[in-house]
Amino acid sequence: MPSRHNEETSATRRRLLATLGTMGVAGIAGCGSGSNTPTASPEGKTSGSSDGGGGTATSGDEMVDHFPVAPEGEPVEPIYDIAFGMLPGDVNMLPGPVGGLASWQTYTRMTTAPPWANRQRFDAETYWHLVTEDKLEDDNKTRITKFNDEFTWHDGKPVTAEDQFLLAKIQRKENELAPDTEPQQTVEMIDEQTLKRTFTTKAREDFYFMTEGRKSASPSWDRDLVRPWYEKIMDATTESELNSITEEANKPENKLPLSDRIGTSIWQVDTVNEQSAIYTKYEDHPYADQQNIEKLRINFVSGESQSRLAIKNDQIDGAKGKPEGTPLPDGMTEYSWPDSGGNKYRLNWTDKHLGKRKVRQALAYLVDHNAVVTNRQGNGFPPELHNGMTGIGQDTWLSDSHVESLNNYGASGQPQKAAELLRSAGYSKNSDGIWADKDGDTISWRMVDVTFWKTIGPTIRSQLKKFGIEIEYNLMENVGDFVTLSNEGPNFGEGWDLIIWHQNGGGAGANHPAGYYRSAWHSYIIHKGLDESGKPTEFGFAGHPNEYEIPTKVGDMEANGETETLNLWDKYEAVAAPKTSNDELLGHAEDLSWWWNYEIPALQTIEYQIGWAGDSQNYNHIDYTHDDNPNRWFVLNYNSIGLDRGWYHSKVK
């Protein structure tokens, strides 16, 4: 760790950026030890707001293109220090140059400018960045991407469409040569800055650009670096030849050292050693004048004890997922903001008891979610409503009147209400104090957790046991075995009745009805159906039907009024359909919200939060209420967008 007393090479505490959370400082949001109960937390938005402009910036800041400009004058602290526990290695360029984010991009993505920010809901104004336009044409198959001609790579050459074109062509070639795989797109350059991609299937624009769309609008490698490998790959005629090229590219002598990284963002790699990686501001960046931070420094701090000591001794300026019990120095403030993801327990509908709606509803009433959050050191928020969405989703996609009509199961647990429901379903406690149905069959469930969510299950298990439900508990250390058990269904191996999983995919693709109610992470509660033999056509099936009879009136938990048939697969197809109107999409989202609230197909446990601690003394305060639009939460939880623009900056002397 560098000395904090050298003014040229160090700085005092500075506020951690939410964007740095996506750099992997604490792994998956909500899965680490997290922050303690925040001392500062912005207020949620009012549903239905779609105004993308206006807003209030930090006092003294001038708004430019939705981002404040750093005030003139000498910055109080020109260097921003964060900590990370892993020394970066050299980078493999292949395979998958346009695939998902890998661990090495913890460092290199700070040099890659994000394409846009705030692109979630259809009526939210997009904040363009590396691209000036990215859209699907009316056929919902043709994508036009225009790259911002003001951006240059760090060696001075302009960013052009060719940078992404070469990567897309490599991806197509990989699909052509791979067995049982067909290319999903053709690609061509319209002009120097414009890329045209034509897909084989149609896509819904809002959902597409929340998921795979954003991964392919921000090239990781410049064209000169990629071209030699591109030419070799284009000449390959078999998968074996392609694999040989990949092996050659990944030889030590061909790997890309972090110190040689050439990117497109405001941050350029300067020096890398065993203690830190230092990024300097790239002065030719089009928004360089908005930012007065001069350097970012990632300090390699291994282990909780070293991380705790670095924070305590004021050696770093921000911390995401700080170790439990770590005291904060004066001038450092804890912040939190809801994330779009969360946890749930999938339920085994083939179980005699969980197959009954009233039992599932009783379970939702029973769990004390506040206790779950407390036992996670305050990391998370309780899902009071149980409607399949997190609070972010409710704010974005549901009307206030709909949310107010839903049944509120409560955050603190209502065991008396749970007992009333069980009795109304014919249950009573036997002589051993265990709930049993009228046939004398006791409620006895097998609960399965995985190691990185191990703080949730024990709390819920103890609550269920205290209430009178028998629980066999299994904490799985092997993640691969856990995933297999979940995907194969409740009757695989030792089986399960409650198994923990993501509430949704998390991240960018989660905050959409198509993400909340059906995704691979969601394990297909909405599924395609059964084959002729009655077996599920997709993995993860747990006995839940696709067709339900639900009350027409939202909130009619006793089903006293009219009912209607709801087909989940039809609803999902409508939600994901390219030509479903925006108004229809919102209506379908509310139908699915009410279905979940009434049926409780799975048990929501917590909603994730983005938590961090940082300097509120030397840096501008976080303003998540900026612009007051349906997706403002997402603006800064995104690559380096907050640092690439002036949203985060030092105060001045």
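Treat the numbers as computed from the prediction; the structure is a model and nothing was measured.

Caption draft 1: Up close: the overall build of the protein. Scanning the protein for helices and strands turns up 19 helices and 22 strands. Looking at the protein as a whole, 56% of its 653 residues qualify as buried. If you take every contact in the protein between residues at least 6 apart in sequence, the share linking residues at least 24 apart comes to 73%. Within the structure as shown, the protein displays about 25600 Å² of accessible surface, and the carbon and sulfur contribution to it stands at 45%.

Caption draft 2: Summary view of the side chain of arginine 197. With respect to the helices and strands, the residue arginine 197 is situated in strand β9 (residues 194–199). No salt bridge is formed by the buried arginine 197; its nearest oppositely charged neighbour, aspartate 134, is found at 4.8 Å. Setting aside chain neighbours within four positions, we find arginine 197 in contact with Lys141, Thr142, Arg143, Thr145, Gln164, Gln185, Thr186, Val187 and Ser216.

Caption draft 3: Geometry of the pattern of salt bridges. Here the structure, examined in full by the defined rule, presents 26 salt bridges. In this structure, lysine 352 and aspartate 441 form a salt bridge, with 2.4 Å as the shortest nitrogen-oxygen distance. Residue lysine 352 is found in the loop between β14 (332–347) and α9 (357–366), and its partner aspartate 441 is found in the loop between β16 (435–436) and β17 (444–450); the two are separated by 89 residues along the sequence. With relative accessibility at 37%, the residue lysine 352 sits in the partly exposed group. We classify aspartate 441 as partly exposed; its relative accessible area is 34%. The network of salt bridges with common partners includes Asp155, Lys157, Glu162, Asp163, Asp222, Arg223, Asp224 and Arg227.

Caption draft 4: Molecular detail of the environment of glutamate 494. Within the secondary structure, glutamate 494 is located in the loop between α15 (479–488) and β19 (498–502). Along the chain, glutamate 494 and arginine 446 lie 48 residues apart, while their C-alpha atoms are 9.0 Å from each other. In contact with glutamate 494, other than residues within four places in its own chain, are Arg446 and Asn474. Reaching out from glutamate 494, the side chain makes a polar contact with the side chain of arginine 446 at a distance of 2.3 Å.

Caption draft 5: A look at the packing of helix α6 (residues 223–235) against helix α7 (residues 239–249). Contact pair α6 / α7: the axes reach a minimum separation of 9 Å and the direction vectors enclose 160°. Overall, the two elements α6 and α7 adopt an arrangement that is roughly antiparallel. The element α6 and its partner α7 pack so that their crossing is right-handed. On α7, the residues touching Trp229, Lys232, Ile233 and Asp235 of α6 are Glu241, Leu242, Ile245, Glu248 and Ala249. Along the lines of polarity and charge, the residues of the contact of α6 with α7 split into 5 nonpolar, no polar and 4 charged.

Caption draft 6: Layout of α6. Taking 1.5 Å per residue as the helical rise, α6 with its 13 residues ought to reach 18 Å, and the 18 Å between its terminal C-alpha atoms agrees with that figure. Largest kink in α6: about 30°, centred on tryptophan 229. Buried residues of α6: Arg223, Val226, Trp229, Tyr230 and Ile233, and no others. Contact partners of the buried residues in α6: α3 (161–177) and α7.

Caption draft 7: Quick peek at the sheet that holds strand β8 (residues 185–191). What the 4 strands build is an open sheet, ordered β6-β7-β9-β8; its pairing is antiparallel. Strands with a single pairing partner mark the edges of an open sheet, and in this sheet they are β6 (131–136) and β8. Here the average twist between neighbouring strands, direction ignored, is 15°. Pairing between β6 and strand β7 (residues 142–147): 5 bridges, direction antiparallel. Pairing of glutamate 133 across the sheet is with lysine 146, part of β7.

Caption draft 8: Just unusual backbone geometry, in detail. Of note in the backbone geometry, aspartate 180 takes a positive phi value of approximately 60° without being a glycine. The exposed category is assigned to aspartate 180, whose relative accessible area is 85%. Backbone geometry at alanine 559 places phi at a positive 55°, although glycine is not the residue there. Counting through the fold element by element, alanine 559 comes out in the loop between β20 (547–551) and β21 (563–567).

What counts, and where the lines are drawn
Residues numbered from 1 in each chain as written. Predicted model: local features only at pLDDT ≥ 70, side-chain atom pairs only at ≥ 80, totals over all residues. Heavy atoms only, no water. Helix = DSSP H or I, 4+ residues; strand = E, 2+ residues; numbered from the N terminus. Buried < 20%, exposed > 50% of the residue type's maximum accessible area, 1.4 Å probe, protein only. Contact = heavy atoms within 4.5 Å. Areas by Shrake-Rupley, 256 points an atom, 1.4 Å probe, with all protein chains shown as cover. Lys, Arg positive; Asp, Glu negative; His and termini not counted. Salt bridge = Lys/Arg side-chain N within 4 Å of Asp/Glu carboxyl O. Polar contact = N/O pair within 3.5 Å; in protein donor to acceptor, adjacent residues only side chain to side chain. Axes fitted to C-alpha atoms, helices over the stretch in contact; angles between N-to-C directions. Parallel < 35°, antiparallel > 145°, perpendicular 65-115°, else oblique. Left-handed = near helix turned anticlockwise from the far one by under 90°. Nonpolar A, V, L, I, M, F, W, Y, C, P; charged D, E, K, R; others polar. Expected span 1.5 Å × (residues − 1). Bend = angle between axes of the 7 residues up to and from the residue. Pairing = 2+ DSSP bridges.

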